[in-house]
Amino acid sequence: MDVMEAIRARRSVRRFLDKPVPQEAVEALIEALRWAPSAGNLQSRFFYFIFDAGIRKKVAAASLGQMFISVAPLVVVACADIERVSRRYGHRGVELYAVQDAAVAVENMMLEALELGLSSVWVGAFDEAALSAALDLPGRLRPMAVVPIGYPAHSPAPPPRLEKDDIVKIVG
Ligand SMILES: Cc1cc2nc3c(=O)[nH]c(=O)nc-3n(C[C@H](O)[C@H](O)[C@H](O)COP(=O)(O)O)c2cc1C
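What to know about the overall build of the protein
(1) Moving on: Helix and strand counts for the protein come out as 7 helices and 4 strands.
(2) Moving on: When the helices and strands of the protein are read in sequence order from the N terminus, they spell out α-α-β-α-α-β-α-β-α-β-α.
(3) Moving on: A compact globule built from 172 residues would reach a C-alpha radius of gyration of about 16 Å, and the protein, at 17 Å, matches this within 12%.
(4) Moving on: Once the C-alpha set of the protein is aligned to its principal axes, its extents read approximately 50 × 45 × 30 Å.
(5) Moving on: Residue pairs in contact within the protein that sit at least 24 positions apart in sequence constitute 78% of those at least 6 positions apart.
(6) Moving on: For the protein, the computed accessible surface area is about 9700 Å², with 55% contributed by carbon and sulfur atoms.

In structure tokens form, the structure reads like this:
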């Protein structure tokens, strides 16, 4: 699959088959995370790969009750490493770079998931304190995204997109 094909084909999927994600696929997802760009190449991010059904349920409950999350065989929680980024970049690093470092890695992972026949969805609506408690996160890690991953049980239609002129100004 070429890159543009993957970008266009990716859909947020919220229903998953009861089929585990193979170990080779897990390794490929991790590799996609590793190779994302990051501010100063500090890679100020950390990821939890959650297979345990009980913890997946807790993560779903912390995600404002979006229980479809717990149905996915794998739930990745992407965190910003606030401590690592703040040592070099201070406030801007914490407020901006660490968030971006985590986000760009997640997009890499979501596209690689597609290549592997898997689907995913970015979940941003969660109670930060509840999610941190569910995973017993150390203080240096701030959760940024919850990403359920699994084999899709449906094929959503393409959602609408704004037109080119609504999002781009060509200068020069
Ligand atoms: C920052 C962010 C937060 C999101 N939060 C949620 C969420 O909490 N629950 C959910 O089901 N989808 C969530 N989504 C997925 C969006 O609803 C989805 O990307 C959007 O509707 C476009 O659909 P598509 O991903 O299939 O292109 C989120 C996406 C982003 C980027």
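Quick word on the site of the ligand
(1) Moving on: Residues in contact with the ligand amount to 13 residues; listed here are only the nearest, S12, R14, Q66, W122 and R161.
(2) Moving on: R14 has a polar side-chain atom sitting 2.6 Å from an oxygen atom of the ligand.
(3) Moving on: Here an oxygen atom of the ligand and a side-chain polar atom of R161 are 2.7 Å apart.
(4) Moving on: Calculation on the ligand without its partners gives an accessible area of 620 Å², and the protein chains cover 60% of this total.
(5) Moving on: The residue makeup of the shell around the ligand, split by class, is 6 nonpolar, 3 polar and 4 charged.

How each quantity is defined
Along each chain, residues carry numbers from 1 onward, in the same order as the chain's sequence is written. At least 70 in pLDDT is required for a residue's local features to be given in this predicted model, at least 80 for side-chain atom pairs to be given and counted, and no such filter applies to totals for whole chains, interfaces and linings, which use all residues. Hydrogens and waters are ignored; side-chain quantities use all the structure's heavy atoms. Only DSSP runs of H or I with at least four residues qualify as helices, and only runs of E with at least two residues qualify as strands; both kinds are numbered from the N terminus onward. The globule rule is 2.2 Å times the number of residues to the power 0.38, and the radius of gyration it is compared with is taken over C-alpha atoms. Contact criterion: two residues are considered in contact whenever any of their non-hydrogen atoms come within 4.5 Å of each other. All accessible-area figures derive from a Shrake-Rupley calculation using a 1.4 Å probe, and residue coverage is judged against the displayed protein chains alone. Any residue with a heavy atom lying within 4 Å of a molecule or strand is counted as near it. By the criterion applied in these results, polar contacts are pairs of N or O atoms within 3.5 Å in which, for protein atoms, one can donate a hydrogen and the other can accept it, and in which residues neighboring in sequence qualify only through two side-chain atoms. Under the scheme applied, nonpolar residues are Ala, Val, Leu, Ile, Met, Phe, Trp, Tyr, Cys and Pro; charged residues are Asp, Glu, Lys and Arg; polar residues are all the others, including Gly.

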